[in-house]
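# Remarks on the overall topology
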Amino acid sequence: MTDKGFPKPLEVEVPEELRGWEEMYPPHYIFSKEREEWESRQFWYLDKIHAPDPMYPWDLIFHEAWQIALAQYNTRVFCIPPAQGVAQRLVGCYFYICAVEPPSEGTIAKKAELFQKRAFHAFEHYDDLYEKWEKKFRDLGESVREIGIPDLPTFEPDERVIPVPRGYYSSYDLMEAYDRVINAIYKAWQYHFEYLNLSYLAYLTFADTVRKLFPGISESTIGKMVAGAYVVMFRPEEELARLARLAISLGPKVVEILKSNMKPEEKLEELSKFHEGREWIHSFEEVRDPWFYVSCGSGWFHYEGSWINTLEVPFEYLRSYIDRIERGEKVERDLEAIDEQRAKLVEEYRNLIKSDEDRQAFDEAYGICRKIYTYAENHLFWVEHWFHTIIFEKMREFGRLFVRYGMLDKVDDIFLFNRFEIPMIIEDLVTAWALGENVPTRAAYWKQKAEKRKKLLEAAKNWTPPPALGTVPEEIAEPFTVMLWGITSEKVAEWIKGVTARPEDVSEIKGFAASAGVIEGKARVIRFLDEITAVQEGEILVCPTTNPSWAPVFTKIKAAVTDIGGLTSHAAIVCREYGLPAVTGTGISTQVIKTGDIIRVDGDKGIVTIVERSNQE
Amino acid sequence: MSNKNRYIKWFEELDKDSIPKVGGKAANLGEMINAGFPIPPGFAITIDAFEEFLESARRFGKKAKIVEIISKIDPKNTQELEDTSAFVREIIEATPVPEEIVEEIRRAYQELCRKIGIEDVAVAVRSSATAEDVPDASFAGQQDTYLWISRFEGVMKHVVKCWSSLYSPRAIAYRATKGFSHWDVSIGVAVQKMVNSRSSGVMFTLNPTHGDESQIVIEASWGLGEAIVSGSVTPDRFVVDKVTMEIVERTVSTKLYWTVYDPDKGSVIHGEVPEELREEPSLTDQEIIRLAEIGKKIEKHYGTPQDIEWAIDDDLPFPENVFITQSRPETVWSKKKKEPVIGKKSGYDLIMNRALTRYKVPKS
């Protein structure tokens, strides 16, 4: 296979302007001579799902954290017998992953014993365990919020010295604060996988069972059977809908302000001037935390922003919700109807099963899946959205400190340094502070580095990395790899095609058949949320991924195509609810499709076809 | 539709208990129409009519002659069987039909034309055997079906042909070997509007590829059903999820040939599909879903998966244009023993199996 298409990891050549990219990242993320034999034997593929863009050095931390945590649950904790971890590398700032080959047969047998004991126990007691999980996770998030980032005072205040000296001071506080943030991230990601591997396993088990009984069943139908209505991830939207209704019930003055063209801060200012307005603000403040701690993107990258720091986003939705309510439309998801429909769907399939034994097996597999799959749906809000938002906010506090002391030019430049480098900047700063007056730092060095890295990341954007590297494996056992990345023979074939084909030569793209239906129409390619107002009624949305911030656009479009996301991604769920065809997880749609192209979205088969290229380039 | 009729019954007046009155095929059509399935309209000619006709033959001394000839026959002698059958059928077809019977059939046919709004409407005339002496389904197929018959004279002529089909070589031989009487048998006739098929095909209420009963598979092509049955055309194929009623698969093939009725010639002709239609789906989504709904209903009614023939009538608007022309139990998958697919496994067994699974990546 390697001969046919995929280069060996060390064979990849990056363009001239990308030279030196390696120094941005930890050394173990770089393919290396001394690991060459092992590295060439594995199959590495570009993870467009989690990292579609060149990787900012600091943002890599969440990946560093999941590499450890995911693997550890598979190999050392719940011990999914033939599964090992998912390893990561970077090439030219792009993120590659690999499901590590299975362990020896002896290890598999040993793991099977442990798996049976440990995993079954977790399935058995899941309800109770989840409650404990959510509590400890939210406590962890709160503890990060409480981490104070000290300023560096000219003199430590009296009370830290008299009557008893505190013993450690602002230099230490600042270093410790950063370490605490980092530790919390690692801990959060260990928590993140606590039940995730098991919930994916339960989903795959149920999907296998259903497919044995109904060989022709579509992926999207299985998805519909499992998807829950009461999903935490939808809460932000639901809260917005509630705020929209509240505004209308409070009278025309509130509505008028919210619908005006003022900035969000000005709207809040205006509202605070009268009773009904204050009442609305009160409700707004109540739901803001945690429900506005939702990323405008996937939650993985600092540049995506969250509702709390890009208030224009929720306020824009609020405006469209108010409009729609005034037109008599229903903006809330009808949870009961969704639940009822799901129950009916499952019941009707169940009735088609002929033997009692099979029906029993179906019930058992479904029961376990329904119980634990909520974890897959709910953890997403708490970890990737709520917690990451807190983290990015905290990091920006450090960023502001750096700017204040001239270490960096811009707050967000902090994300140009990897997580191991930040302590160096902190140490440089506190050293100079401790040494006394007029002691220089190496700020110029850091600033220069930041500038160079901006250029490297920009250069990486213009480079198309190979979709895969190394050797195609004979088998894959790792549940995430199957579930999230959907590694199938077709997918691999697609990639091989991608090695040789240029984007303009591709006319058919495969992904997940996420929501049924076939429709043809004009494509609108949206790379970032702030471009979303460009979407016209009746167009087909083509985007990297969606999340609740994108919700209002679904009433305008007639189909959706995403680069990233499986059958239970936000786009898949919302499209199924609205009855729009959707193909998700195509990997390359936003590169291959151009706005104005006529495309056909086949949500039954998971195929997007470019019917006609638009002339405008 | 009057109850005074003795020799004809409208399909609406029949149900599965009408077999002794009109034979199996007509009774089934009545059963279907009363269960709400859209079948082309028509009426049955009762067994009474046939018996009355046979009785009248006695008056001409013909019945005695038939008895004499048939009772002497050696069913193993094929040639003799052929000759005798031809001779007997000739006698029967030359026998005048009693006037009351002719009149009732005439009135019924005229009523049918009036209801449909087409003068001399083309019909199918099919024999409808009583079930007692025809145990195997294939036997029924040996009896006669005449398509695209128009005008009353034509109808009448083919009704008599259906009657005489009781004395086809195969029918005689069958009764002779089984020791059944040649006189206790009887036959009804069904007269039914021909569908002016824009498209037609078959529908299985399970997926014949793997027996998945949660799916309905529809095969469709332009024109009359012959093209699909004879295999001269690869049909379009649509798969509908029986539960969600979504079209989950659609394969539109290139359809080069079709069979259509030519009213000028009064017969069907085989020809090439016009270029602009070849690549087009031969059913609209609306029609696919409508068919699937009907299929689901028929299956539920009979309690077993069905193999259904259907047609879309060009003379009528949607949804009245969707017709079922035949339904029989699906035999391949339904006959298979219903062994459990998964068997006695707990949820944990299933989880364990899955946890041990390695996903093979096929070599390309």
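Residues numbered from 1 in each chain as written. Chains lettered and ligands numbered in written order. Predicted model: local features only at pLDDT ≥ 70, side-chain atom pairs only at ≥ 80, totals over all residues. Heavy atoms only, no water.

### Considerations on the domain arrangement of chain A
Residues and elements named next belong to chain A. Split by domain assignment, chain A resolves into domain 1 (9-110 + 466-483), domain 2 (232-326) and domain 3 (503-612). Computed over C-alpha atoms only, the centres of domain 1 and domain 3 are separated by 28 Å. Contact with domain 1, which involves 4 residues of that partner, is made by 6 residues of domain 3. Between domain 1 and domain 3 the total buried area reaches about 510 Å² when both faces are included, carbon and sulfur atoms providing 56% of it. For the pair domain 1 and domain 3, the interface holds 1 salt bridge. The interface formed by domain 1 and domain 3 contains 1 residue pair in polar contact (both at pLDDT 80 or more). (Domains from an automatic or database assignment. Contact = heavy atoms within 4.5 Å. Buried area = accessible area lost by both parts, 1.4 Å probe. Salt bridge = Lys/Arg side-chain N within 4 Å of Asp/Glu carboxyl O. Polar contact = N/O pair within 3.5 Å; in protein donor to acceptor, adjacent residues only side chain to side chain.)

### Here we look at the sheet that holds strand β4 (residues 468-470) of chain A
Within a sheet, adjacent strands bond to each other through the backbone by hydrogen bonds, running parallel or antiparallel. Residues and elements named next belong to chain A. With antiparallel pairing, the 4 strands of this open sheet are ordered in space as β2-β3-β1-β4. Of all strands in the sheet, those bounded by a partner on one side alone are β2 (86-91) and β4. Neighbour-to-neighbour, the strand axes of this sheet turn through a mean angle of 25°, independent of strand direction. Here 3 bridges tie strand β1 (residues 43-46) to β4, and the two strands are oriented antiparallel to one another. Its bridge partner being in β4, Tyr45 is matched across the sheet by Ala468. (Pairing = 2+ DSSP bridges. Helix = DSSP H or I, 4+ residues; strand = E, 2+ residues; numbered from the N terminus. Axes fitted to C-alpha atoms, helices over the stretch in contact; angles between N-to-C directions.)

### Observations regarding the packing of helix α5 (residues 78-93) of chain B against helix α9 (residues 169-178) of chain B
Residues and elements named next belong to chain B. At a closest axis distance of 9 Å, the pairing of α5 and α9 adopts a crossing angle of 115°. It follows from the interaxial angle that α5 and α9 lie roughly perpendicular. The handedness of the crossing between α5 and α9 is right-handed. Counted together, Leu81, Glu82 and Ser85 of α5 and Pro169, Ile172 and Ala173 of α9 form the full contact between these two elements. In terms of residue class, the contact of α5 with α9 is built from 4 nonpolar, 1 polar and 1 charged. (Parallel < 35°, antiparallel > 145°, perpendicular 65-115°, else oblique. Left-handed = near helix turned anticlockwise from the far one by under 90°. Nonpolar A, V, L, I, M, F, W, Y, C, P; charged D, E, K, R; others polar.)

### Looking at the packing of aromatic side chains
For the structure on display, the rule yields 53 aromatic pairs over all chains. Their ring planes at 80° and their centres at 5.1 Å tell us that Trp133 of chain A and Tyr375 of chain A sit as a pair that is edge-to-face. Note that Trp133 of chain A is positioned in helix α4 (residues 126-145) and Tyr375 of chain A in helix α14 (residues 356-404), a separation of 242 residues in sequence. Look at Phe206 of chain A and Tyr366 of chain A: their rings are 5.1 Å apart centre to centre, the planes differ by 50°, and that puts the pair in the tilted class. Of the two residues, Phe206 of chain A is situated in helix α6 (residues 196-213) and Tyr366 of chain A in helix α14; the sequence distance between them amounts to 160 residues. The buried category is assigned to Tyr366 of chain A, whose relative accessible area is 14%. Among the aromatic residues, those joined into a ring-pair cluster are Tyr126, Tyr130, Trp133, Phe137, Tyr191, Tyr195, Trp291, Tyr375, Phe381, Trp382, Trp386 and Phe387 of chain A. In this structure, Arg145 of chain A is placed above the aromatic ring of Tyr293 of chain A, and the distance from its NZ or CZ to the ring centre is 5.0 Å. Lying across the ring of Trp10 of chain B, Lys115 of chain B places its NZ or CZ 3.9 Å from the centre. (Phe/Tyr/Trp six-rings, centres within 6.5 Å; stacked < 30°, edge-to-face > 60°. Buried < 20%, exposed > 50% of the residue type's maximum accessible area, 1.4 Å probe, protein only. Lys NZ or Arg CZ within 6 Å of the ring centre and 35° of its normal.)

### Remarks on the pairing of strand β12 (residues 306-313) of chain B
Residues and elements named next belong to chain B. With 7 of 8 residues buried, β12 lies mostly within the body of the structure. When strand β6 (residues 197-204) meets β12, the two strands line up antiparallel, connected through 7 bridges. Following the sheet pairing, Gly201 is matched in β12 by Trp310. Pairing between β12 and strand β13 (residues 322-329): 7 bridges, direction antiparallel. Bridge pairing in β13 links Glu309 to Gln326.

### Looking at the confidence of the model for chain A
Averaged over every residue, the pLDDT of chain A is 89; residues scoring 70 or more account for 93%. Ranking the elements of chain A by mean pLDDT puts helix α18 (residues 489-500) of chain A last, at 58, and helix α15 (residues 422-435) of chain A first, at 98. (pLDDT = per-residue confidence, 0-100.)

### Some remarks on the domain arrangement of chain B
Residues and elements named next belong to chain B. Taken domain by domain, chain B consists of domain 1 (8-193) and domain 2 (197-335). Its C-alpha centre places domain 1 at a distance of 29 Å from the equivalent point of domain 2. Listed by partner, the interface residues are 14 residues for domain 1 and 19 residues for domain 2. Both sides together, the interface formed by domain 1 and domain 2 hides about 1400 Å², and carbon and sulfur atoms give 62% of it. When the buried surface of domain 1 facing domain 2 is broken down by residue, Phe37, Pro38 and Trp148 rank first, second and third, together holding 46% of it. At the junction of domain 1 with domain 2, the criterion picks out 2 salt bridges. The interface formed by domain 1 and domain 2 includes 4 residue pairs in polar contact (both at pLDDT 80 or more).

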